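Structural overview for review
One-letter residues, chain by chain:
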Amino acid sequence: MSYVDEVIEQVVKQNPAEPEFHQAVKEVLDSIRVVIEADEEKFRKEALLERLVNPERQIKFRVPWVDDNGQVQVNTGYRVQFNSAIGPYKGGLRLHPSVNLGIIKFLGFEQIFKNSLTGLPIGGGKGGSDFDPKGKSDREVMAFCQSFMTELCKYIGADTDVPAGDIGTGAREIGYMFGQYKRLRGLFEGVLTGKGLTYGGSLARTEATGYGLLYFTEELLKSHGKDIAGMTVCISGSGNVATYAAQKATQLGAKVVTVSDSNGWVYDADGIDIAALKEIKEVRRARLTEYKNYRPNSEYHEGRGVWTVKCDVALPCATQNELHLEDAKILVANGVTAVCEGANMPTTLEATEYLLSNGILFAPGKAANAGGVATSALEMSQNSERLSWTFEEVDTKLKQIMVHLYHNVEDAAKRYGFEDNFVVGANIAGFEKVLDAMLAQGIV
Ligand code: NDP
Ligand code: 2IT
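Worth saying up front: this structure is predicted, and the values here are computed from it rather than measured.

Looking now at the overall build of the protein. Counting secondary structure elements, the protein contains 17 helices and 12 strands. For 444 residues, the compact-globule formula gives about 22 Å, and the C-alpha radius of gyration of the protein, at 21 Å, lands near that figure. Put simply, the protein has 444 residues, and 57% of those count as buried. Nonlocal contacts in the protein, meaning residues at least 24 apart in sequence, comprise 71% of its contacts between residues at least 6 apart. Mean positive and mean negative side-chain charge positions of the protein (47 and 58 charges, respectively) differ by 4 Å.

Here it is in structure tokens:
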């Protein structure tokens, strides 16, 4: 059996009940097969792949907190410090009831290659908890965040591991966590990114993942002789990534006709009203059912359905495995040109294969959504030099990073004979730098 297949089999056997982690490992190892097989015996002897798929460290801890009724609640906290070959661990914290070790490991594994692709010195990590911020009071969220950080603060630091936001973790949660870290460790340092602007946050970090997704998509289309202006775009999700993807797509002259949440989805033929979306989601923390009050001509539908709407560009921006094979078939039948992932691993392996084999321009999340973590690294730089850059400075750097990233991925795919396969291109380009650093640093 080939070394790659051996390690895939081992991962499945040694980590049962972690299907998302298996999925992420299979996709990456399949893509880098050509690199490994060029020198298989050397890599096998070095146990290079075993070292790649085993986190350097994984921390699991109890998070007790008191709810508004005086009842003690207990959640589970995680931080997986996956790979520090090219820099301190970097990656978000997900707060969602579906969180378990396998989900955090898949996200941490993806983050290794994504962070490498940004060209910046950041390693891969991820964390979170099965705590659900939805429907909780601000005091309950604060109580959870303080308890979570009371344990997490032992393992992180501005030069060791720098967490940030992800699903369920926004500016409010980062603020409470930063406050508690500072109080416990006595350090005002860039230990978290996505901070508020008055205490070390970076301008444009809020917008960065969505904006970066559109800079990438625009460059991808441009390189294929197409212009995003005038195109119809379907977006799933209505959180941080979806909102700023919708905003930038609209600014670039495209028309965004859908957004969604875990209950249902909105179709607005005239183009999503970004101001209304922000007020509903960011200010009022309400549900998308409210959107109709702002735009009476729009439609609200219960359940899934975003991918049934005819579009030129599809941007899944909600969560993993939200775009299935049936959805891919409808998108192709409706003449979609590009599918670019704002979320992490939103497209199932079968759907990805279907899109690729039908000649759709498909951009995997680790490339297309890297603008968020890239801007986090820019926030770390600003914190280190104790300066803050203007919105334009950060946004210009973000755009340069995404355009460069696109061409790097495109070149890597071409170099190995997989032209226009950006899955292979992203995995190889991300892996090459990590591989070089791991080999140089010896057996650690
Ligand atoms: P938010 O919490 O701001 O928004 C998440 C959105 O996705 C909400 O609309 C939410 O709906 C929806 N959603 C979450 N879980 C599910 C589910 N199981 N089924 C259907 N819909 C769901 O998160 P972000 O926008 O920050 O993150 C979205 C995706 O982008 C994630 O995959 C994340 O890992 C990825 N990402 C985020 C980055 C960032 O900088 N924030 C950077 C790179 C990637 P509801 O409100 O109903 O739960
Ligand atoms: O998936 C991701 O890249 C993020 N949630 C952002 C991580 C970060 O450190 O900004």
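Here the narrative resumes, following the displayed structure.
Strand pairing in a sheet is mediated by backbone hydrogen bonds. Such pairs are either parallel or antiparallel. Pairing within the open sheet is mixed, and its 7 strands lie in the order β9-β8-β7-β6-β10-β11-β12. Edge positions in the open sheet fall to β9 (299-302) and β12 (361-363), since each of these has one partner strand only. When strand polarity is set aside, the average angle formed by the axes of neighbouring strands in this sheet is 15 degrees. As paired elements, strand β10 (residues 313-316) and strand β11 (residues 338-340) share 2 bridges and run parallel to each other. Bridging across to β11, Ala314 finds its partner in Val339. Packing of helix α9 (residues 240-251) onto the sheet brings it into contact with β6 (232-236) and β7 (255-260), and relative to β6 it is tilted by some 170 degrees.

Our focus in this paragraph is the packing of helix α2 (residues 19-37) against helix α5 (residues 101-117). At a minimum axis separation of 7 Å, α2 and α5 run at an interaxial angle of 25 degrees. Here α2 is positioned roughly parallel relative to α5, judged by the angle of their axes. Listed contacts from α5 to Glu20, Phe21, Ala24, Val25 and Val28 of α2 are Gly102, Ile103, Lys105, Phe106, Phe109, Glu110 and Phe113. In terms of residue class, the contact of α2 with α5 is made up of 8 nonpolar, 1 polar and 3 charged.

Of all residues adjacent to ligand 1, which total 25 residues, the nearest are Asp166, Thr209, Ser262, Arg287 and Asn344. Gly168 places a main-chain nitrogen or oxygen 2.9 Å from an oxygen atom of ligand 1. Val241 places a main-chain nitrogen or oxygen 2.9 Å from an oxygen atom of ligand 1. Coverage of ligand 1 by the protein chains reaches 83% of its 880 Å² of free accessible surface. Counting only elements with at least two residues in the shell around ligand 1, the list comes to α8 (205-223) and α9. Partitioning the shell around ligand 1 into residue classes produces 5 nonpolar, 13 polar and 7 charged.

The next thing to look at is the environment of Glu353. Along the chain, the position of Glu353 falls in helix α13 (residues 349-357). Separated by 25 residues in sequence, Glu353 and Ala328 place their C-alpha atoms 9.5 Å apart.

It is worth spelling out the sheet that holds strand β3 (residues 89-95) at this point. Pairing in this open sheet of 5 strands is mixed, and the strands run β1-β2-β4-β3-β5 from one edge to the other. Two strands in the sheet have a free side with no partner beyond their single neighbour: β1 (57-66) and β5 (161-164). Averaged over all neighbouring strand pairs, the angle between strand axes comes to 20 degrees, with direction disregarded. Bridge count for β3 against β5 is 4 bridges, and the pairing is parallel. Looking at the pairing, Gly91 lines up with Pro163 of β5.

Taking 1.5 Å per residue as the helical rise, α8 with its 19 residues ought to reach 27 Å, and the 27 Å between its terminal C-alpha atoms agrees with that figure. Of all the bends in α8, the greatest, near 30 degrees, is centred on Tyr211. With respect to burial, α8 is a largely interior element, 15 of its 19 residues being buried. Note on α8: the residue one or two positions beyond its end, Gly225, has a positive phi of about 70 degrees.

It is worth spelling out the site of ligand 2 at this point. Around ligand 2, 14 residues are found, and the nearest of them are Lys90, Gln111, Lys114, Arg205 and Ser376. Asp166 places a polar side-chain atom, nitrogen or oxygen, 3.0 Å from a nitrogen atom of ligand 2. Protein coverage of the free-state accessible area of ligand 2, which is 290 Å², stands at 94%. Elements supplying a minimum of two residues to the shell around ligand 2: β3, α5 and α15 (371-385). Residues that form the shell around ligand 2 fall into these classes: 2 nonpolar, 7 polar and 5 charged.

Mapped onto the secondary structure, Arg94 falls in strand β3. In terms of polar contacts, Arg94 uses its side chain to reach the side chain of Asp166, at 2.7 Å.

Tallied over the entire structure, the rule returns 14 aromatic pairs. Each ring, one from Phe178 and one from Phe188, has its centre 5.1 Å from the other, and the planes form 80 degrees; the classification is edge-to-face. Taken together, the residues Phe178 in helix α7 (residues 171-185) and Phe188 in the loop between α7 and α8 connect sequence positions 10 residues apart. Since its relative accessible area comes to 2%, Phe178 is described here as buried. Aromatic rings pair up to connect Phe61, Trp65, Phe131, Phe144 and Phe148 into one cluster. Directly above the ring of Trp389 sits Lys397, whose terminal nitrogen or CZ lies 4.5 Å from the centroid.

The rules we used
- Residues numbered from 1 in each chain as written.
- Chains lettered and ligands numbered in written order.
- Predicted model: local features only at pLDDT ≥ 70, side-chain atom pairs only at ≥ 80, totals over all residues.
- Heavy atoms only, no water.
- Helix = DSSP H or I, 4+ residues; strand = E, 2+ residues; numbered from the N terminus.
- Rg over C-alpha atoms; globule rule 2.2 N^0.38 Å.
- Buried < 20%, exposed > 50% of the residue type's maximum accessible area, 1.4 Å probe, protein only.
- Contact = heavy atoms within 4.5 Å.
- Lys, Arg positive; Asp, Glu negative; His and termini not counted.
- Charge placed at Lys NZ, Arg CZ, Asp CG, Glu CD.
- Pairing = 2+ DSSP bridges.
- Axes fitted to C-alpha atoms, helices over the stretch in contact; angles between N-to-C directions.
- Parallel < 35°, antiparallel > 145°, perpendicular 65-115°, else oblique.
- Nonpolar A, V, L, I, M, F, W, Y, C, P; charged D, E, K, R; others polar.
- Near = heavy atom within 4 Å.
- Polar contact = N/O pair within 3.5 Å; in protein donor to acceptor, adjacent residues only side chain to side chain.
- Areas by Shrake-Rupley, 256 points an atom, 1.4 Å probe, with all protein chains shown as cover.
- Expected span 1.5 Å × (residues − 1).
- Bend = angle between axes of the 7 residues up to and from the residue.
- Phe/Tyr/Trp six-rings, centres within 6.5 Å; stacked < 30°, edge-to-face > 60°.
- Lys NZ or Arg CZ within 6 Å of the ring centre and 35° of its normal.

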